[in-house]
Amino acid sequence: MAIKLPIYMDNHATTPVDPRVVDAMLPYFTEKFGNAASRNHAFGWAGEEAVENARAQIAQLIGATPKEIVFTSGATESDNLAIKGVAEMYREKGNHIITQVTEHKAVLDTCKRLEKEGYEVTYLPVEKSGQINLDDLRRAITPKTILISIMYANNEIGVIQPIAEIGKIAKEKGVFFHSDGVQAVGKVPVDVQKDGIDLLSISAHKLYGPKGVGALYVRRKNPRVQLTAMVDGGGHERGMRSGTLNVPGIVGFGKACELCRLEMAEETKKLSALRDRLRGAIMSKLDETFINGTMEHHLPHNINISFAYVEGESLLMGINDVAVSSGSACTSATLEPSYVLKALGVGEDLAHTSIRFGIGRFNTEEEVDYVANRVVETVNRLRELSPLYEMAKEGTDVSKMNWKTA
Ligand SMILES: *Cc1c(COP(=O)(O)O)cnc(C)c1O
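> Please clarify how the overall build of the protein should be interpreted in this entry.
Counting its secondary structure elements, the protein contains twelve helices and 15 strands. Taking 406 residues into account, the globule formula puts the C-alpha radius of gyration at 22 Å, and the protein, at 23 Å, falls close to it. Projected onto the principal axes, the alpha-carbon positions of the protein cover approximately 80 × 55 × 40 Å. In the protein, buried positions account for 54% of the 406 residues. Surface summary for the protein: the accessible area is close to 18400 Å², and the carbon and sulfur share equals 53%.

Okay, here's the thing in structure tokens:
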């Protein structure tokens, strides 16, 4: 079969909507368009029934009960609601929050905002593996700590944090535990009971559902978590998030979660085989390439690789018929290396030449082989032009060279 270009391999940024999800959503734009909050007629009841069905599908995927699911516009809002909602509600109890340096900006920027408002935030470092150190976490907890927010799995390097251990520590200390579960839910087994999670952020568009809809799991007992609402107006979602519900989006979100639950075991096998095929094809043909983050605690569909002795931008240009993400973030005029890779101790040069491969449900073996070939060809071609690579091959320790600029 001929390969269709460009190839999409950036499934941590977003995923295509599964056609089965689209089919489930369609009636809710047209004949079943009712407002789920309309209590007086069949149109409203149909909307409400669909929403409650989706709530149950989402709850089942994460081991929660339907009443613990609060719908939002996406995980950015869920992260905001979890962190700011706890911070405001429990201000009397304490003003200290613990998070870590490789969180998504939805968590980091929310914490920064709270710092401006007088809260104290501890940003735990990560080890070279990408995981936090649990002793660091224990030491950071004070009587003023009200919340620990640590992501389930990282969106750049795919590293999974020791979530159940963190949940245990939080419980021992009587501190709420929020986790940004966007990259993990639907991909690996997540269970809010076993993992001891009190608040969990989820997004539909990262698990083959539509954009613009997400959820926050809010634990109702052992312990019960209360939140100050961020959006007022009508008291939807048990007062935690007002606003007319996005019924078609929610229906799609529910269906997407059901598919993930039913197919996760098979899909994990398929995706990790594709990922290992990609890894093998690249790493067996190229030296001086490095995997970022431990592969031991890792999402099945992710790999993040740095290629020494090439230039990041040239590398991306060389594989421009493949959609992937790089370890550089364009901030205004300059290219900044990824803060996640920096936190792992990856040097600036290697951070700029890193590529995040996010394999998804609809990728094929042929596509993986094509991508691997393109990467190998491009890196080899760029290295042929690199005097540094040549010197390194001749045995000069390039890192110890004394650079002089004229
Ligand atoms: C994508 C992502 C988000 C943001 O989710 P949206 O639904 O797009 O707002 C938050 N956290 C992580 C880890 C993500 O990957």
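From this point, things continue past the structure.
> I would appreciate a short explanation of the sheet that holds strand β4 (residues 120–124) in the present structure.
Strand pairing in a sheet takes place through backbone hydrogen bonds and is either antiparallel or parallel in direction. Taken in spatial order, the seven strands make up an open sheet running β2-β8-β7-β6-β5-β3-β4, and their pairing is mixed. The open sheet has two free edges, formed respectively by β2 (69–72) and β4, since each of these has just one partner strand. Between one strand axis and the next, the sheet turns through 20° on average, direction left out of account. When strand β6 (residues 176–180) meets strand β7 (residues 199–203), the two strands line up parallel, connected through three bridges. The partner of H178 across the bridge, within β7, is L199. Running over the sheet, helix α2 (residues 42–62) touches β2, β7 and β8 (214–218) and is turned about 115° from β2. Sitting on the sheet, helix α6 (residues 163–173) touches β5 (145–149) and β6, and the angle it makes with β6 is about 155°.

> Could you clarify how one ought to interpret the site of the ligand in this entry?
Every one of the 13 residues lining the ligand counts as a neighbour, but T76, D180, Q183, S203 and K206 are closest to it. For the ligand, an oxygen atom lies 2.8 Å from a polar atom in the backbone of A75. Here an oxygen atom of the ligand and a side-chain polar atom of K206 are 2.8 Å apart. Surface burial for the ligand is 87%, taken as the share of its 380 Å² of free accessible area covered by protein chains. Top element by residues in the shell around the ligand is helix α3 (residues 75–89). It accounts for three residues. Considering only residue class, the shell around the ligand consists of three nonpolar, seven polar and three charged.

> How should I be thinking about the packing of aromatic side chains in this particular structure?
Centre-to-centre distance and the angle between the planes together describe a pair of aromatic rings. A full pass over the atoms with the stated rule returns five aromatic pairs. A centroid spacing of 5.0 Å and a plane angle of 65° characterise the contact between Y90 and F176, whose relative ring orientation is edge-to-face. With Y90 in the loop between α3 and β3 (96–100) and F176 in strand β6, this pair connects stretches of sequence that are 86 residues apart. For the residue pair Y90 and F176, the accessibility class agrees, reading buried in each case. Relative to Y389, the ring of Y309 has its centre 5.6 Å away and its plane inclined at 55°; by these criteria the two rings are tilted. With Y309 in the loop between β10 (302–307) and α8 (312–318) and Y389 in helix α12 (residues 387–393), the pair connects residues that are 80 residues apart, well separated along the chain. Positioned above the aromatic ring of Y339 is the side chain of K105, whose terminal nitrogen or guanidinium carbon lies 4.3 Å from the ring centre.

> Help me out: how do you make sense of the nonpolar core in this one?
Grouped burial of nonpolar side chains is what soluble globular proteins tend to show. In this structure, I62, F71, I148, L200 and F253 are the most contacted members of the largest nonpolar core, which totals 64 residues. The element that contributes the greatest number of residues to this core is helix α7 (residues 247–283), accounting for nine residues. For this core, the domains that each give at least three residues are domain 1 (7–12 + 264–393) and domain 2 (19–260). In this view, I62 contacts I69, V185, V190, D191, V192, L200, I202 and Y217; residues no more than four positions away in its chain are not counted. I305, V322, V324 and A372 belong to the second-largest nonpolar core, a separate cluster that totals 26 residues.

> Help me understand the pairing of β10 in this model?
Each regular strand carries side chains that alternate between the two faces of the sheet. With six of six residues buried, β10 lies mostly within the body of the structure. Taking every second residue as pointing to the same face, both faces of β10 are buried, with N302, N304 and S306 on one and I303, I305 and F307 on the other. Here five bridges tie β10 to strand β15 (residues 354–358), and the two strands are oriented antiparallel to one another. Looking at the pairing, N304 lines up with R356 of β15.

> Please clarify how the domain arrangement of the protein should be interpreted in this entry.
Frequently, the measure chosen for interface size is the accessible area that the parts lose on association. Along its sequence, the protein is organised into domain 1 (7–12 + 264–393) and domain 2 (19–260). Put simply, the middle of domain 1 and the middle of domain 2, counted by C-alpha atoms, are 30 Å apart. The largest share of the area that domain 1 buries against domain 2 comes from M264, Y339 and R361, three residues that together contribute 29% of it. Counting the contacts that link domain 1 with domain 2 gives zero salt bridges. In this assembly, domain 1 and domain 2 are joined by 14 residue pairs in polar contact (both at pLDDT 80 or more). Looking at which element gives the most residues to the side of domain 1 that touches domain 2, the answer is helix α9 (residues 339–343), with four residues. Considered class by class, the residues forming the side of domain 1 that touches domain 2 number nine nonpolar, 13 polar and three charged.

> Looking at this structure, how should I read the sheet that holds β10?
Taken together, the four strands give an open sheet; going across it, the order is β9-β10-β15-β12, and neighbouring strands pair in antiparallel fashion. Since the sheet does not close on itself, it has two edges, and those belong to β9 (289–291) and β12 (325–326), each with one partner. The sheet contacts of α7 involve β9, β10 and β15, and relative to β10 the element is tilted by about 15°. Sitting on the sheet, helix α11 (residues 365–384) is in contact with β9, β10 and β15, with an inclination near 15° to β10.

Rules and cut-offs
Residues numbered from 1 in each chain as written. Predicted model: local features only at pLDDT ≥ 70, side-chain atom pairs only at ≥ 80, totals over all residues. Heavy atoms only, no water. Helix = DSSP H or I, 4+ residues; strand = E, 2+ residues; numbered from the N terminus. Rg over C-alpha atoms; globule rule 2.2 N^0.38 Å. Buried < 20%, exposed > 50% of the residue type's maximum accessible area, 1.4 Å probe, protein only. Areas by Shrake-Rupley, 256 points an atom, 1.4 Å probe, with all protein chains shown as cover. Pairing = 2+ DSSP bridges. Axes fitted to C-alpha atoms, helices over the stretch in contact; angles between N-to-C directions. Contact = heavy atoms within 4.5 Å. Near = heavy atom within 4 Å. Polar contact = N/O pair within 3.5 Å; in protein donor to acceptor, adjacent residues only side chain to side chain. Nonpolar A, V, L, I, M, F, W, Y, C, P; charged D, E, K, R; others polar. Phe/Tyr/Trp six-rings, centres within 6.5 Å; stacked < 30°, edge-to-face > 60°. Lys NZ or Arg CZ within 6 Å of the ring centre and 35° of its normal. Core = buried A, V, L, I, M, F, W, Y, C linked by side-chain atoms within 4.5 Å. Domains from an automatic or database assignment. Buried area = accessible area lost by both parts, 1.4 Å probe. Salt bridge = Lys/Arg side-chain N within 4 Å of Asp/Glu carboxyl O.

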